[in-house]
Amino acid sequence: SPHSRPQHTAAMPKFTIDEIRQIMDKKHNIRNMCVIAHVDHGKSTLTDSLVAAAGIIATEAAGDTRLTDTRADEQERCITIKSTGISLYYQMSDEKLKDFKGDKAGNDFLINLIDSPGHVDFSSEVTAALRITDGALTVVDCVEGVCVQTETVLRQALGERIRPVMTVNKLDRCFLELMLDGEEAFQNFNRVIESANVIISTYTDDKLGECMVYPEKGTVSFSAGLHAWAFTLTTFADTYSKKFGIDREKMMTKLWGDNFFDPKTKKWTKKNTGAPTCVRGFVQFIYNPIKQVIEECMKENREKVFQMCEKLGVMSKLKPEDKDLNGKPLMKRVMQTWLPASDALLEMFINHLPSPHTAQAYRVDTLYEGPLDDQYADCIRKCDPDGPLMLYVSKMIPAQDKGRFYAFGRVFGGKCSTGQKVRILGPNYVPGTKKDLYLKSIQRTVLCMGRKQEAVEDVPCGNTVALVGLDQFIQKNATITDQANEDAHPIKAMKFSVSPVVRVAVECKVASDLPKLVEGLKRLSKSDPMVQCHIEETGEHIIAGAGELHLEICLKDLQEDFMGGAEIRVSEPVVAFRETVQNRSDHTVMSKSPNKHNRLYMQARPLEDGLPEAIDEGKVTPRDDPKERGRLLAAEFGWDKDMSKKIWCFGPDTTGPNLFMDVCKGVQYLNEIKDSCVAATQWATKEGVLAEENMRGICFEIEDVVLHTDAIHRGGGQIIPTCRRCLYACELTAEPRLMEPVYLVEIQAPEPALGGIYSTLNQKRGMVFEEQQRPGTPIYNIKAYLPVIESFGFTGTLRAATSGQAFPQCVFDHWDLMQADPLSPGSQTADIIAGIRKRKGIKLEIQPLGEYEDKL
């Protein structure tokens, strides 16, 4: 029935699905973009004004509906948790497109917009959204400026070669809260834009070209999302260029930067002449008129307001009932009519963000894993709808019926249609093998429209799409191609900027619910790009997430959506540690095989500073060309050039930050045991000797082996356990230590709250390393390192200590060495290890060295 949902949000869309389908073929008229920003800078609110302009919700409701926050808990908490896609169709007039330089087919544009979360805990959602878009709208709060999360998402965007444009949001705060005068406001905006440009220029890619944003070029807009008004300098340059008789381009440059105008002498100058009437262009022609309108409205001085409206040509557009409003509602309505947000933003997207046709040409080398000259790469580069299908699924969206998922992604080449037979290449697929490969047909292709899905027949390249019927075969993300394309390589997997370091164990309250739990965990791991679910040997079900908030949302989903409300018990959060060594082993360790015929001699040493991080970031990988890797290791870490050819493997999971190297001189049969040693290394580095945690930053060197001449006596069964015992002995003799994960916390707070922040951080072993005041505001920015293990309940404690004035943001930053010796009883690390071993159900004492090392 039509009465089930609130009336004000329902408005007639100004487009039909057929119109959208027609425009999907015009690849120059498509913009795929994503809204990124720090938490609470107004992404979803701003998105609303765009949605309203396409006629999906009523303009009156824009700003409060937050259509892209689809889940009930998102509306309740007023935060975005999942990134949501929506396709909007706009007809632009020639008047608005006069600045447009590129190719276009007609004046209709399709904008596939994805609203993404700002919380650091959900930054994996942002990564998934960025992968399938070409442009990003960076929203920055004009008061708070560029924050830690703004920097993180901008870095991710530029890493994926995505073009940014920027909007300075929450302008209404300048007029209503801070009462800034024009010059202060200008300096404030200028500082925000400059600090964003510093970040952009630091991380920019040569292929992308110039990415910095400038108001006078039209790549920065100023907006107030809540009141749904916004402007770029072009909006005002249009009006004033007629008045001054200068051309618009020139007028734009005059309206920003050091250009002053004196109405008395009617002259522009580069410097302030000191005359009382000489005022900066931006302030005089843009800021003050807006300020005047707002102030007169707030004073309820209606005659004056309507006079101004006449001058601005707004009066004719106001509805009769609007004229009865007063105060703030009147201001909102006048500003919306005078400077509609959608016009300014759309002009910026269409003129300054690339179409798929332009973007895929320079993004193909970061996307495609195979050779960059085969037909698939070529098809992506040209964005060719008649080529072979290349589609990347970046995330799974839960459907209305419980337990089914839409595979949401973007078509990079070819066409994807209902009923098409496809090959699904998982993240571990190796071309030419059957591993992680499925052949299936697509049941339906649909478009995402915020809360609803609309079915379409087929979707050509350059568009986002959701697929039905493939959810059984895709874990988190996958590449999809035609059934015949046997030689297609997958599209590269995404790199996340955070790692899942906080883990909890879950169990059912009622034992008979166990099958529900297992099924629920499978669905949970699909629904979130980041979360990891697995079963330990002890039989515990472990869920790992990026932080407290992330886990809380995951557990809520698990219980309510994926298990049908069955009750679960959740353990205390557990933090993953890493094991490492500090020195070279104090002697060469020897272990014998069970049949006493083979002996291995090894040593362990710590890796150079910065090398484990380089491996994590993918600068050094097992797939590199050995020569190039040798050059890099020699230049940055002082290795011998030939040493890098001797690396047998990385571990754990064949890509981790530990190395196994062969430093033997002329040993018989050595290559025959290579596979066994590699297997043992994977096993040992995954479960270290101290507490069965992963190892990190250890290099194992095999120095000598004595093997039986008969091949049957040196098989895997003899070598693997021996090699593992030997690796453990190496670790124990090389001063083993634990490493703990550390968060980077950024706290924003006013000056009186600083005392409370410092005392809270001191209790929690935190370390402040930067404190700076924001120019022009009483707010301080504090950056500190906080061990993850101390971070549970940190937000609560901090708010209690500062009476709710401090806002912390935690991001996983690095692994930190714990100095205490785990082998001396009673030390801090020894207690931690005892706790871990007890939880995992293994012997409480660390086994003595004699268990692993043999005497000759």
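None of these values were measured; they are calculated from a predicted model. (Residues numbered from 1 in each chain as written. Predicted model: local features only at pLDDT ≥ 70, side-chain atom pairs only at ≥ 80, totals over all residues. Heavy atoms only, no water.)

Asks: Got a sec to walk through the overall build of the chain? Specific residues and values, please.
Replies: On a plain count of helices and strands, the chain comes out with 24 helices and 36 strands. A globule of 856 residues ought to have a C-alpha radius of gyration of about 29 Å, and the chain, at 30 Å, matches this closely. Seen through its C-alpha atoms, the chain measures out along the principal axes to roughly 100 × 65 × 60 Å. Scored against the burial criterion, the 856 residues of the chain give a buried share of 57%. (Helix = DSSP H or I, 4+ residues; strand = E, 2+ residues; numbered from the N terminus. Rg over C-alpha atoms; globule rule 2.2 N^0.38 Å. Buried < 20%, exposed > 50% of the residue type's maximum accessible area, 1.4 Å probe, protein only.)

Asks: Hey, could you go over the confidence of the model for the chain for me, with residue numbers and the actual values?
Replies: In low-pLDDT regions, the fine details of the predicted coordinates are not to be read closely. Summary statistics for the chain give a mean pLDDT of 83 and a share of 96% for residues scoring 70 or more. Counted against residues more than four places away or in other chains, residues 1-12, with its pLDDT under 50, gives 13 contacts. (pLDDT = per-residue confidence, 0-100. Contact = heavy atoms within 4.5 Å.)

Asks: Mind laying out the pattern of salt bridges, listing which residues take part and the relevant values?
Replies: When their charged atoms lie close together, side chains carrying opposite charge are able to pair. Evaluated as defined, the whole model comprises 34 salt bridges. Notably, a salt bridge pairs lysine 304 with glutamate 296, separated by 3.7 Å at the nearest N-O pair. Lysine 304 gets classed as partly exposed once you look at its relative accessible area, which sits at 32%. One salt bridge in this structure joins aspartate 378 and arginine 381, with 3.4 Å as the shortest N-O distance. You can see aspartate 378 and its partner arginine 381 sitting in helix H15 (residues 375-382), three residues apart, about one turn around the helix. When its relative accessible area of 28% is taken as the criterion, aspartate 378 is described as partly exposed. Through salt bridges that share partners, Arg131, Asp134, Glu160, Arg363 and Arg410 make up one connected network. (Salt bridge = Lys/Arg side-chain N within 4 Å of Asp/Glu carboxyl O.)

Asks: For unusual backbone geometry, give the residues involved together with the corresponding values.
Replies: Of note, the bond from glycine 651 into proline 652 is cis; its omega dihedral lies within 30 degrees of zero at -5°. One can find proline 652 in the loop between strand E29 (647-651) and strand E30 (658-662). We note that glutamate 735 has phi near 50°; this positive angle belongs to a residue other than glycine. Mapped onto the elements, glutamate 735 comes out in the loop between helix H21 (716-733) and strand E33 (736-750). Overall, the relative accessible area of 36% leaves glutamate 735 in the partly exposed class. Phi is positive for arginine 765, close to 60°, though the residue is something other than glycine. Within the secondary structure layout, arginine 765 lies in the loop between helix H22 (754-763) and strand E34 (767-773). Owing to a relative accessible area of 35%, arginine 765 belongs among the partly exposed residues under this scheme.

Asks: For the environment of glycine 717, give the residues involved together with the corresponding values.
Replies: Tracing the backbone through its elements, the reader meets glycine 717 in helix H21. It is 9.0 Å that separates the C-alpha atoms of glycine 717 and proline 594, two residues lying 123 residues apart in sequence.

Asks: I'd like a description of the sheet that holds E29, backed by residues and values.
Replies: Spatial ordering of the open sheet is given by E27-E28-E32-E30-E29, a layout of five strands whose pairing is mixed. Every other strand in the sheet has two partners, leaving strand E27 (589-592) and E29 as the edge strands with one partner each. Between one strand axis and the next, the sheet turns through 25° on average, direction left out of account. Here E29 runs beside E30; their pairing, made up of four bridges, is antiparallel. Bridging across to E30, isoleucine 647 finds its partner in methionine 661. Sitting on the sheet, helix H20 (residues 674-686) is in contact with E29, E30 and strand E32 (698-706), with an inclination near 25° to E29. (Pairing = 2+ DSSP bridges. Axes fitted to C-alpha atoms, helices over the stretch in contact; angles between N-to-C directions.)

Asks: Which residues make up the nonpolar core, and what values go with them?
Replies: Counting residues in each nonpolar core, the largest one holds 67 residues, and the members touching the most others are Leu391, Leu467, Ile474, Ile480, Ile543, Ile747 and Ile757. Excluding its chain neighbours within four sequence positions, the residues that come into contact with isoleucine 474 are Val393, Met396, Ala407, Ile424, Ile480 and Lys526. Counting 61 residues, the second-largest nonpolar core is a separate cluster that includes Ala185, Cys297, Val314 and Tyr362. (Core = buried A, V, L, I, M, F, W, Y, C linked by side-chain atoms within 4.5 Å.)

Asks: Outline a positive patch on the surface, supporting the account with residue identities and numerical values.
Replies: Taken together, the side chains of Lys627, Arg631, Lys641 and Lys645 present a region of like positive charge at the surface. On the secondary structure map, arginine 631 appears in helix H19 (residues 626-637). Judged by relative accessible area, arginine 631 falls into the exposed class, the value being 52%. (Patch = residues over 30% accessible without salt bridge, like charges linked within 9 Å, V, L, I, M, F, W, Y side chains within 5 Å. Areas by Shrake-Rupley, 256 points an atom, 1.4 Å probe, with all protein chains shown as cover. Lys, Arg positive; Asp, Glu negative; His and termini not counted. Charge placed at Lys NZ, Arg CZ, Asp CG, Glu CD.)

Asks: Please provide a residue-by-residue account of the side chain of histidine 708, values included.
Replies: In this fold, histidine 708 is placed in the loop between E32 and H21. Among the polar contacts listed, one links the side chain of histidine 708 to the backbone nitrogen of aspartate 710, at a separation of 2.9 Å. Residues within four places of histidine 708 in sequence aside, it is in contact with His597, Asn598, Tyr669, His713 and Arg714. (Polar contact = N/O pair within 3.5 Å; in protein donor to acceptor, adjacent residues only side chain to side chain.)

Asks: So what's going on with the sheet that holds strand E8 (residues 260-262)? Which residues, and what values?
Replies: Strand order in the open sheet formed by three strands is E9-E8-E10, with antiparallel pairing between adjacent strands. The two strands at the open ends of the sheet, each matched to only one other strand, are strand E9 (267-269) and strand E10 (279-280). The pairing of E8 with E10 spans two bridges and is classified as antiparallel. Note on E10: the bridge partner recorded for phenylalanine 260 is arginine 280.

Asks: Tell me what's going on with the packing of helix H5 (residues 148-159) against helix H7 (residues 182-203), and back it up with residues and numbers.
Replies: Close contact between H5 and H7 brings their axes to 9 Å; oriented N to C, the two are set at 35°. Crossing angle aside, the handedness with which H5 passes H7 is right-handed. Along the contact surface, H5 presents Glu151, Leu154, Arg155 and Leu158, while H7 presents Ala196, Ile199, Ile200 and Tyr203. Split into classes, the residues belonging to the contact of H5 with H7 amount to six nonpolar, no polar and two charged. (Left-handed = near helix turned anticlockwise from the far one by under 90°. Nonpolar A, V, L, I, M, F, W, Y, C, P; charged D, E, K, R; others polar.)

Asks: Requested: an account of the side chain of glutamate 579, with residues and values cited.
Replies: Position of glutamate 579 among the secondary structure elements: in strand E26 (residues 578-581). Here glutamate 579 occupies a buried position and makes no salt bridge, while the nearest side chain of opposite charge, arginine 837, is found at 6.8 Å. Within polar-contact distance, the side chain of glutamate 579 engages the backbone nitrogen of valine 689 at 3.2 Å. From its side chain, glutamate 579 meets the backbone nitrogen of glutamate 693 in a polar contact 3.3 Å long.

Asks: Can you tell me about the environment of glutamate 628, naming the residues and giving the values?
Replies: Within the secondary structure, glutamate 628 sits in helix H19. On the accessibility criterion, glutamate 628 (51% relative accessible area) is exposed.

Asks: So, the packing of aromatic side chains: which residues are in play, and what are the values?
Replies: As enumerated under the stated definition, the model contains 21 aromatic pairs in all. The interplanar angle of 40° and the centroid separation of 6.2 Å between the aromatic rings of phenylalanine 405 and phenylalanine 562 together place this pair among those described as tilted. With phenylalanine 405 in strand E12 (residues 405-413) and phenylalanine 562 in helix H17 (residues 548-562), the pair connects residues that are 157 residues apart, well separated along the chain. Three or more aromatic residues joined by ring pairs form one cluster here, namely Phe186, Phe189, Phe222, Phe231, Phe236, Tyr240, Trp256, Phe261, Trp268, Phe282, Phe285 and Trp338. Positioned above the aromatic ring of tyrosine 203, the side-chain terminus of arginine 155 is 5.6 Å from the ring centre. (Phe/Tyr/Trp six-rings, centres within 6.5 Å; stacked < 30°, edge-to-face > 60°. Lys NZ or Arg CZ within 6 Å of the ring centre and 35° of its normal.)

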